[in-house]
Amino acid sequence: MSAEHNSPLTPVGKRIKKIRTDRKMSYESLANDTGFSVDFIKQVEAGTLTPPVGSLLQISRALGIDSGDLLKDDDDKMQDRIAAYTTRTSNYAYTTLTPGAENKHLKAFRVKIDAMKDHGGVSYNHAGEEFVYVLSGAIEVVVGEHVNTLTAGDSLLFNSGIQHLLRNTGDTDAELIVVIYNP
């Protein structure tokens, strides 16, 4: 058993790198398949950048895997892994609410964005639709050029094929449920 599997947490970037290299996929190929820069992919793999949910979906699709596979350990210690993963991110964390939904079109996540933070300035898009429900806090969902302001109890459904960005505009952490339909 490798040291990677003895750890309670295998960072998502290391999993992406392992799958990419196992498949003999170059950075350039993954960049062309996702639309992300090689630098962005290298930062994700190095663990210096945590990819937003939409980016994770695009990377998973390009690698030909289910996004949930990036968030679970081979020994299925999912809950320990989720707790550890959530505490390790700097200003953005997400946990899957649909474990075991391999090859499904619908994915749900609980997302936490620290106060006055966004996804590192990276907007993203992915095929399908996205639904956001704010549990607590205040956020902006920028879809294209339109800014939607949401607070606790508000929701928004939008075309996720349009460039979009989630941003916490409040002075407290925001928690959301994000449901993504990916055709």
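Residues numbered from 1 in each chain as written. Predicted model: local features only at pLDDT ≥ 70, side-chain atom pairs only at ≥ 80, totals over all residues. Heavy atoms only, no water.

### What to know about the overall build of the protein
Thinking step 1. Secondary structure summary: the protein contains six helices and eight strands in total.
Thinking step 2. Tracing the protein from N to C terminus, the helices and strands come up as α-α-α-α-α-α-β-β-β-β-β-β-β-β.
Thinking step 3. Across the 183 residues of the protein, 46% fall into the buried class.
Thinking step 4. Partitioning the intrachain contacts of the protein with sequence separation of at least 6 by distance along the chain shows that 66% fall at a separation of at least 24.
Thinking step 5. Total accessible area computed for the protein in this model is approximately 8900 Å², and 51% of it derives from carbon and sulfur atoms. (Helix = DSSP H or I, 4+ residues; strand = E, 2+ residues; numbered from the N terminus. Buried < 20%, exposed > 50% of the residue type's maximum accessible area, 1.4 Å probe, protein only. Contact = heavy atoms within 4.5 Å. Areas by Shrake-Rupley, 256 points an atom, 1.4 Å probe, with all protein chains shown as cover.)

### A short note on the packing of aromatic side chains
Thinking step 1. Evaluation of the coordinates by the stated rule reveals one aromatic pair.
Thinking step 2. Consider the rings of Phe 36 and Phe 40, whose centres lie 4.7 Å apart with planes at 40 degrees: the pair is tilted.
Thinking step 3. Against the face of Tyr 27 rests Arg 20, its NZ or CZ located 3.9 Å from the ring centre.
Thinking step 4. Sitting over the face of the ring of Tyr 27, Lys 42 holds its NZ or CZ atom 5.1 Å from the ring centroid. (Phe/Tyr/Trp six-rings, centres within 6.5 Å; stacked < 30°, edge-to-face > 60°. Lys NZ or Arg CZ within 6 Å of the ring centre and 35° of its normal.)

### Looking at the environment of Ala 174
Thinking step 1. Tracing the backbone shows Ala 174 in strand β8 (residues 174–181).
Thinking step 2. We classify Ala 174 as buried; its relative accessible area is 0%.
Thinking step 3. The residues touching Ala 174, leaving out its near neighbours within four places in the chain, are Val 111, Lys 112, Ile 113, Ser 136, Gly 137, Ala 138, Ile 139 and Asn 168.

### Quick notes on the packing of helix α3 (residues 27–34) against helix α4 (residues 38–46)
Thinking step 1. One can describe the packing of α3 onto α4 by two numbers: an axis separation of 9 Å at closest approach and a directional angle of 110 degrees. With respect to their mutual orientation, α3 and α4 come out roughly perpendicular. Residue-level inspection shows Tyr 27, Glu 28, Leu 30, Ala 31 and Thr 34 of α3 in contact with α4, the latter providing Val 38, Ile 41, Lys 42 and Glu 45.
Thinking step 2. Considered class by class, the residues forming the contact of α3 with α4 number five nonpolar, one polar and three charged. (Axes fitted to C-alpha atoms, helices over the stretch in contact; angles between N-to-C directions. Parallel < 35°, antiparallel > 145°, perpendicular 65-115°, else oblique. Nonpolar A, V, L, I, M, F, W, Y, C, P; charged D, E, K, R; others polar.)

### What to know about α3
Thinking step 1. Listed in full, the buried residues belonging to α3 are Leu 30, Ala 31 and Thr 34. What you see down the axis of α3 is that its buried residues fit within an arc of 105 degrees, all on one side.
Thinking step 2. Downstream of α3 by a residue or two, Gly 35 has a phi angle that is positive, lying close to 85 degrees. (Arc of directions from axis to C-beta.)

### Quick notes on the sheet that holds strand β7 (residues 164–168)
Thinking step 1. Sheet architecture is open: three strands sit in the order β5-β4-β7, paired in antiparallel fashion. Of all the strands in the sheet, just β5 (146–151) and β7 have a single pairing partner and so form its edges. Neighbouring strand axes in the sheet, compared pairwise and without regard to direction, differ in orientation by 20 degrees on average.
Thinking step 2. Examined bridge by bridge, strand β4 (residues 138–143) and β7 share five bridges and lie antiparallel to one another. If you follow Ile 139 over to β7, its bridge partner there is Asn 168. (Pairing = 2+ DSSP bridges.)

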